[in-house]
Amino acid sequence: MKATYKRSWAEPYKIKMVELLKMSTKPQRLKAIREAGYNTFLLRSDDVYIDLLTDSGTSAMSDRQWAGLMLGDEAYAGSKNYYHLEAAVQQYYGYKYLIPTHQGRGAENILSKILIKPGDVVPGNMYFTTTRLHQELAGGTFADIIIDEAHDPLNEHPFKGNVDLNKLDAIVQKYGAEKIPYVSIATNVNMAGGQPISMQNLKELHAYTRKHGIRVIHDMTRVVENAYFIQKREDGYEKKSIREIVKEICSCTDGATMSAKKDALVNIGGFMATNEWEVFEEARNLVVVYEGLHTYGGLAGRDMEAIAIGIAESVDDHHQHARVGQVEYLGHTMESYGIPIVKPIGGHGVFVDARAFLPHLSQDEFPAQTLAAELYIDSGVRTMERGIVSAGRDAQGRNYYPKLELVRFTIPRRVYTQAHMDVIAESTAAVYARRKRIKGLKMVYEPKYLRFFQARFERL
Ligand SMILES: *Cc1c(COP(=O)(O)O)cnc(C)c1O
């Protein structure tokens, strides 16, 4: 018999420095989670073993990025690092004008204030927490136009981030194009489980919006992971580089907001970009009010240098293959234990279906919040809720009841090893084995905005 040799997704880097972790006992973890109100956001990171709370700002920077920090030009105005970042945004993404901000939501605030008028409607491929809140604070209403498949955790559609153009057309017919300042398009949709939009769908959307004189604004936080999936799944793209695909995605849109804390491999930073001079002019003016002068936007010069280098590293094919390869490894290992996960496996994390995991809990007993707390107690692995707590309340104060009730296992970029992935899957399997005995939670404190960050719970 001829042997076939499997080739792994190995990392295109080696480890130069390590960060030691504190190992804890179960009684210590029970105490810590009780004190944190059963909200993993309120745990001290010192009490966490493997931290999968988010992939935001948690990447390991490369030696080149750390060297870039030393090249920080901390001039108040006109820092050379600003010009490096501007050149990177133009070269790799193709947008003309750049406004740096302290992180993604700073860009969302400025963009929403400029483009949205009270009474406007902003269609988008599923909401994101801060994005929708800024749209609402500017007087707009968000309308979900993602395809129905995105709301079904078991549906294996390869592009669950796609826009349903019929849903968009219905909104345009109902409100008129003049009430729609832009269509808000996220690449590799976070809230759908890290699911991509196809190039074909983007091109159809671009053609439709051109016809109606509506902009497309790109939430490009995970654009490179989206490009990876296009390369792997879409006809005609298997031979194109991720770098080429990223630029092609951006060319279908008119402007962008970016949290550089994700794909761009830094611990802090973001920006707004636009191809329209008038929008740039206004943004350059507003950024002074909310962030800082338009050549630093709330960032140190060294931060802008690290982003510029991170952008270039992020579009490397080998990097992205290892990045998503590790996430897929975790997902497949969990599946081998029978754990219900969202399919296809996403780009930045594995999303466990808490409704299927804890079917005996109603949504008002917070199944995903409960599961995240139980996992922490089992092994010190920190995950987060993406369900009814994250969805929050509408303008009338009514709870949103999202179809998806998920626990997000988000993998930081270039941080953990394959053995860490094994520990995470084994711990989830241990909780799964005793799932029938798990009771839900009740909310005892609810903040007004983005409640999932600070809400507190007690065991039922
Ligand atoms: C993180 C994120 C944001 C907000 O960015 P911050 O840097 O956290 O302010 C916006 N959109 C998406 C899709 C994100 O993942």
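Residues numbered from 1 in each chain as written. Predicted model: local features only at pLDDT ≥ 70, side-chain atom pairs only at ≥ 80, totals over all residues. Heavy atoms only, no water.

Draft legend 1. Seen up close, the overall build of the protein chain. When you go through the protein chain residue by residue, the secondary structure sums to 16 helices and 14 strands. Computed over C-alpha atoms, the radius of gyration of the protein chain comes to 22 Å, within 12% of the 23 Å expected from 2.2 N^0.38 for 460 residues, which places it in the range of a compact globule. Overall, the C-alpha framework of the protein chain stretches about 60 × 55 × 50 Å when taken along its three principal axes. The 460 residues of the protein chain split such that 59% are buried. Across the protein chain, every contact between residues at least 6 apart in sequence was considered, and the portion connecting residues at least 24 apart equals 72%. Accessible surface computed for the protein chain: about 19700 Å², of which carbon and sulfur atoms make up 52%. (Helix = DSSP H or I, 4+ residues; strand = E, 2+ residues; numbered from the N terminus. Rg over C-alpha atoms; globule rule 2.2 N^0.38 Å. Buried < 20%, exposed > 50% of the residue type's maximum accessible area, 1.4 Å probe, protein only. Contact = heavy atoms within 4.5 Å. Areas by Shrake-Rupley, 256 points an atom, 1.4 Å probe, with all protein chains shown as cover.)

Draft legend 2. Representation of the nonpolar core in the model. One finds Val 89, Tyr 93, Met 220, Phe 271 and Ile 311 to be the most contacted residues of the largest nonpolar core, which totals 58 residues. Excluding residues within four positions of it along the chain, Val 89 makes contact with Gly 94, Tyr 95, Leu 98, Phe 271, Ala 273 and Ile 311. Tyr 49, Met 334, Tyr 416 and Tyr 432 belong to the second-largest nonpolar core, a separate cluster that totals 31 residues. (Core = buried A, V, L, I, M, F, W, Y, C linked by side-chain atoms within 4.5 Å.)

Draft legend 3. Quick look at unusual backbone geometry. With an omega dihedral of -15°, the bond running from Lys 343 to Pro 344 counts as a cis peptide bond. A positive phi is found at Met 126, a non-glycine position, where the angle reads about 75°. Within the element layout of this structure, Met 126 appears in the loop between β3 (121-124) and α5 (129-137). The buried category is assigned to Met 126, whose relative accessible area is 10%. Despite not being glycine, Leu 450 shows a phi value in the positive range, around 40°. Inspection of the secondary structure puts Leu 450 in the loop between β13 (441-445) and β14 (456-459).

Draft legend 4. Layout of the layout of surface pockets. In this structure, the largest pocket spans a volume of roughly 1600 Å³. Along its surface, the largest pocket is lined by 39 residues, and Met 17, Ala 60, Met 61, Arg 414 and Val 415 are the ones closest to its centre. With three residues, helix α2 (residues 63-69) is the single largest residue contributor to the lining of the largest pocket. The residue makeup of the lining of the largest pocket, split by class, is 17 nonpolar, nine polar and 13 charged. Mapped onto the domain boundaries, the lining of the largest pocket takes at least three residues apiece from domain 1 (26-55 + 317-459) and domain 2 (63-314). (1 Å grid on protein atoms, 1.4 Å probe; cavity = no way out; pocket = protein on both sides within 12 Å on 5 of 7 lines; lining within 4 Å. Points joined across faces, edges and corners; volume = space filled by probe spheres on them. Nonpolar A, V, L, I, M, F, W, Y, C, P; charged D, E, K, R; others polar. Domains from an automatic or database assignment.)

Draft legend 5. View of the domain arrangement of the protein chain. Domain assignment breaks the protein chain into domain 1 (26-55 + 317-459) and domain 2 (63-314). Using C-alpha coordinates to define each centre, domain 1 is positioned 26 Å away from domain 2. Contacts between the two partners involve 32 residues from domain 1, matched on the other side by 40 residues from domain 2. Three residues, Gln 320, Pro 344 and Leu 404, lead the burial of domain 1 against domain 2; their summed loss comes to 19% of the area buried on that side. (Buried area = accessible area lost by both parts, 1.4 Å probe.)

Draft legend 6. Focus on helix α8 (residues 223-233). The element α8 is largely enclosed, with a buried count of nine among its 11 residues. Val 223, Val 224, Glu 225, Asn 226, Ala 227, Tyr 228, Phe 229, Ile 230 and Gln 231 are the residues of α8 that are buried. Among the structural elements, α3 (80-93), α7 (199-212), β6 (215-219), α9 (242-251), α11 (301-314) and α12 (317-336) are those in contact with the buried residues of α8.

Draft legend 7. Seen up close, the pattern of salt bridges. Tallying each qualifying case throughout the model produces 29 salt bridges. Across the salt bridge formed by Asp 55 and Arg 413, the nearest N and O atoms sit 3.0 Å from each other. Within this pair, whereas Asp 55 is found in the loop between β1 (50-51) and α2, its partner Arg 413 is found in the loop between β12 (406-410) and α16 (418-433), the two being separated by 358 residues in sequence. Among the residues examined, Asp 55 registers a relative accessible area of 0% and is labelled buried. By sharing partners, the salt bridges in this structure join Asp 55, Arg 222, Glu 225, Asp 263, Arg 323 and Arg 413 into a single network. (Salt bridge = Lys/Arg side-chain N within 4 Å of Asp/Glu carboxyl O.)

Draft legend 8. Inspection of the sheet that holds strand β9 (residues 349-353) at higher detail. If you trace the three strands from one edge of the open sheet to the other, you get β9-β12-β11, paired in antiparallel fashion. With one partner strand each, in any of the chains shown, β9 and β11 (384-386) form the two edges of the open sheet. Each adjacent strand pair in this sheet contributes to an overall mean axis angle of 35°, direction not counted. Bridge analysis of β9 against β12 gives five bridges, and the strand direction is antiparallel. Of the residues in β12, the one forming a bridge with Val 350 is Phe 409. Docked against the sheet, helix α14 (residues 367-379) engages β9, β11 and β12, running at close to 45° with respect to β12. (Pairing = 2+ DSSP bridges. Axes fitted to C-alpha atoms, helices over the stretch in contact; angles between N-to-C directions.)

Draft legend 9. Broad picture of the site of the ligand. Around the ligand, the structure places 14 residues, and the nearest of them are Arg 105, Asp 219, Arg 222, Ser 259 and Lys 262. Within the backbone of Gly 104, a nitrogen or oxygen atom sits 2.8 Å from an oxygen atom of the ligand. Lys 262 has a polar side-chain atom sitting 2.9 Å from an oxygen atom of the ligand. Across the complex, the protein chains shield 95% of the 380 Å² of accessible surface that the ligand would expose by itself. Those elements giving two or more residues to the shell around the ligand turn out to be α4 (104-115) and α5. Considering each element in turn, the shell around the ligand owes the most residues, three residues, to α4. Grouping the constituent residues of the shell around the ligand by class yields one nonpolar, seven polar and six charged. (Near = heavy atom within 4 Å. Polar contact = N/O pair within 3.5 Å; in protein donor to acceptor, adjacent residues only side chain to side chain.)

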